[in-house]
Amino acid sequence: MQQTTLDITRIRKDFPILKREVNGNPLVYLDNAATSQTPKPVIDTIVGYYSNYNANIHRGVHTLAQEATDAYEKARIKIQNFFNAAKAHEILFTSGTTHSINIVANGFSSFLTKGDEVLVSAMEHHSNIVPWQMLCERTGASLKVIPMNPEGELLMQEFKGMLSDNTKLVVCNHVSNALGTINPIKVIISEAHAVGAAVLIDGAQAAPHIKVDVQELNVDFYTASAHKLCGPTGVGMLYGKEEWLTKLPPYQGGGEMIAEVTFEKTTYAGLPHKFEAGTPNICGGIAFGAALDYIKNIGIEAIAQYEHELLTYATDRLLSIEGVKIYGTSQEKTAVISFNIKGIHPYDIGTLLDKMGIAVRTGHHCAQPIMDYFKIPGTIRASFSFYNTKEEIDRFIDGVVKAKQMLS
Amino acid sequence: MSIQEIQQNIVDEFSMFDDWMQRYEYMIDLGKSLPLIEEKYKTEDNIIKGCQSKVWVHAELEDDKLVFTADSDAIITKGIIAILIRAFSHQKPQDIIDADTHFIDEIGLKEHLSPTRANGLVSMIKQLKLYAVAYQTQLN
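Rules behind the numbers
Residues numbered from 1 in each chain as written. Chains lettered and ligands numbered in written order. Predicted model: local features only at pLDDT ≥ 70, side-chain atom pairs only at ≥ 80, totals over all residues. Helix = DSSP H or I, 4+ residues; strand = E, 2+ residues; numbered from the N terminus. Buried ≥ 20, exposed ≤ 12 C-beta atoms within 10 Å, placed from the backbone. Contact = placed C-beta atoms within 7 Å. Domains from an automatic or database assignment. Nonpolar A, V, L, I, M, F, W, Y, C, P; charged D, E, K, R; others polar. Axes fitted to C-alpha atoms, helices over the stretch in contact; angles between N-to-C directions. Parallel < 35°, antiparallel > 145°, perpendicular 65-115°, else oblique. Left-handed = near helix turned anticlockwise from the far one by under 90°. Pairing = 2+ DSSP bridges.

**Details of the environment of I28 of chain B**
Turning to step 1, where the next piece is worked out: Note on placement: I28 of chain B falls in helix α2 (residues 20–32).
Turning to step 2, where the next piece is worked out: A tally of 19 C-beta atoms within 10 Å means that I28 of chain B is categorised as partly exposed.
Turning to step 3, where the next piece is worked out: Once the C-alpha coordinates of I28 of chain B and V57 of chain B are considered, the two residues, 29 residues apart in sequence, prove to be 18 Å apart.
Turning to step 4, where the next piece is worked out: Once residues within four sequence positions are removed from consideration, I28 of chain B is found in contact with M406 and L407 of chain A together with I75, I76 and G79 of chain B.

**Considering the domain arrangement of chain A**
Residues and elements named next belong to chain A.
Turning to step 1, where the next piece is worked out: When its domains are assigned, chain A resolves into domain 1 (8–30 + 300–407) and domain 2 (43–297).
Turning to step 2, where the next piece is worked out: Computed from C-alpha atoms alone, the centre-to-centre distance between domain 1 and domain 2 is 28 Å.
Turning to step 3, where the next piece is worked out: In this complex, domain 1 contributes 22 residues to the contact, which on the side of domain 2 involves 21 residues.
Turning to step 4, where the next piece is worked out: For the side of domain 1 that touches domain 2, the secondary structure elements donating two or more residues are α11 (300–319), β14 (336–341) and α13 (368–374).
Turning to step 5, where the next piece is worked out: Ranked by residue count, the leading element in the side of domain 1 that touches domain 2 is α11, at five residues.
Turning to step 6, where the next piece is worked out: For the side of domain 1 that touches domain 2, a count of residues per class yields eleven nonpolar, six polar and five charged.

**Quick notes on the packing of helix α4 (residues 97–107) of chain A against helix α5 (residues 130–139) of chain A**
Packed helices, taken two at a time, are described by their axes: the angle between them and the distance between them.
Residues and elements named next belong to chain A.
Turning to step 1, where the next piece is worked out: Orientation of α4 relative to α5, taken along the N-to-C sense of each, is 15°, at an axis distance of 9 Å. Relative to α5, the element α4 is oriented roughly parallel. Crossing hand, α4 versus α5: right-handed. Counting all contacts with α4, which are made through I101, N102 and A105, the residues of α5 involved are P131, W132, M134 and L135.
Turning to step 2, where the next piece is worked out: Residue classes in the contact of α4 with α5 are distributed as six nonpolar, one polar and no charged.

**Focus on the sheet that holds β14 of chain A**
Residue and element names in this part refer to chain A.
Turning to step 1, where the next piece is worked out: Judged by pairing direction, the sheet is antiparallel, and its four strands sit side by side in the order β13-β14-β17-β16 without closing on themselves. Of all strands in the sheet, those with a lone pairing partner are β13 (324–327) and β16 (361–363), marking the two edges. With direction set aside, neighbouring strand axes in the sheet form an average angle of 30°.
Turning to step 2, where the next piece is worked out: Bridging between β14 and strand β17 (residues 379–383) involves four bridges; their strand directions are antiparallel. Across the sheet, V336 pairs through a bridge with S383, a residue of β17.

**Some thoughts on the pairing of strand β11 (residues 258–261) of chain A**
Residue and element names in this part refer to chain A.
Turning to step 1, where the next piece is worked out: As paired elements, β11 and strand β12 (residues 266–268) share three bridges and run antiparallel to each other. Paired with I258 across the bridge in β12 is Y268.
Turning to step 2, where the next piece is worked out: In this structure, the hairpin formed by β11 and β12 is closed by a connection of four residues.

**Describing the sheet that holds strand β10 (residues 236–240) of chain A**
Residue and element names in this part refer to chain A.
Turning to step 1, where the next piece is worked out: What the seven strands build is an open sheet, ordered β4-β10-β9-β8-β7-β5-β6; its pairing is mixed. Each edge of the open sheet carries a strand with a single partner, namely β4 (91–94) and β6 (142–146). Averaged over neighbouring strand pairs, the angle between their axes works out to 20° when direction is ignored.
Turning to step 2, where the next piece is worked out: Pairing geometry for strand β5 (residues 117–121) and β6, over five bridges, is parallel. By the bridge assignment for β6, V118 is matched with L143.
Turning to step 3, where the next piece is worked out: Of the strands in this sheet, β4, β9 (221–225) and β10 are in contact with helix α3 (residues 63–83), which crosses β4 at around 115°.
Turning to step 4, where the next piece is worked out: Contacts between helix α7 (residues 185–194) and the sheet are confined to β7 (167–173) and β8 (198–202), with β7 contributing the most and set at about 175° to the helix.

**Side note on the interface of chain A and chain B**
Turning to step 1, where the next piece is worked out: The interface of chain A with chain B comprises twelve residues on the first partner and twelve residues on the second.
Turning to step 2, where the next piece is worked out: Breaking the side of chain A that touches chain B down by element, the ones donating at least two residues are α12 (346–355), β16 and α14 (390–407) of chain A.
Turning to step 3, where the next piece is worked out: Among the elements that line the side of chain A that touches chain B, the one with the most residues is α12 of chain A, at five residues.
Turning to step 4, where the next piece is worked out: For the side of chain A that touches chain B, a count of residues per class yields five nonpolar, five polar and two charged.

**Some words on the environment of L200 of chain A**
Residues and elements named next belong to chain A.
Turning to step 1, where the next piece is worked out: Residue placement: L200 occurs in strand β8.
Turning to step 2, where the next piece is worked out: When the C-alpha atoms of L200 and H174 are compared, they prove to be 9.7 Å apart, with 26 residues separating the residues in sequence.
Turning to step 3, where the next piece is worked out: Aside from chain neighbours lying at most four places away, what touches L200 is I101, V104, L169, V171, D220 and F221.

Following this line, the structure appears as structure tokens:
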């Protein structure tokens, strides 16, 4: 396999947190699917905002307000470019993927009635299940589940069979947070469109790792969270095709989202402001832009290639440990390994790894239906980022071996 | 032995270890000696909420003392509940209610005391004390 051209040693220097110790050991951070770490340029952007031009946006006539507004709107364009959206106003700032999904799920309350169907995949995060269940409860529409196989791949024939004139929405993640599977969303989108259904893709786990082009995908809605993309928490984005965002009613009422307000009637502002009521996370939005600059600088293709190298290396080493079972074995995967060791509870392994300074996730990863499918209480999940190294994977593997010895 | 004396014994035992690995190995061993809950008591009601692993606890009054049995599907959790039960079992409910649990700190398990910790040590202590309160009310 081709070795990475990335200078990982130099990249690691950008992340102050990677220098810290946990329980007396240098930190090995392998919980990137939960949140990514923050590089210096993003931290500097946050400090810079509050030090130099903290002001409320879109309203003030003074210099600070103008500078903050410019920076915020520039960030929107950075997001537009990163995802290759056709127009900047097709990008809405949200508090994160969960918020993005809820905007669409609430908006669709006006479009669905009894007899309509919403298809959701079997490998969704709870945040891409519950809002749709709530939508179905409100409207009388029914929720149908696209099944998967033991490798953690969606059954595409079954999916095609489920589509009908009643299908109004298809929702699916681009990459599964618990399994790492990269779903064939291009096919899903075109098949759904063929029966006139809209498609929302949860891109929270995809955007940090693989190239996303919303125009090429021809997707109606796409979501992402800044904090998984080296940005801060509490900010994210919803991409929506202009025609959909125009049709969709606003989610929250308030300032900023109006054109004119009288006590008799309010007319709404145009896009994107219709969906951005209230003072947003201004600093977060600007820092989100800085994070995308940082990732763009490294190059998403180079990131994808290097992370695949890490995935292959870690998978091979992990499988050499007796009793390891990996959940999610699709050929198309990002650098996420969900696994268990025979006879050992994932929580035990996670606790001992933490004592060794190794951060992994244990539990159901907010995807209980997947755990139910495999009939397990949870898994240990190691998820890698471009700043991880093979040496760290070695420490992780040594840690798993040691933990297994202690627990057997 | 009083709760305090037992806790001191546990602290003394743990003080023999130099590093976390020995402490955890000992805790895992203690888990193996846990007085196991009868299968029939492994009900949904007896599960302690707030743990990533499952923990069941049952309490019964023997004369005027409370006897605990428990189990967990995770070994470390089993060790933690075993330590708690060793300190609290065969004690009068009022003494359990009054007992402090400072010894957890002293045996190097402080990190497990955080209420946000997924293993639910805090929930376990609370549950044991709730049993004590319930039985104390019965004794009154």
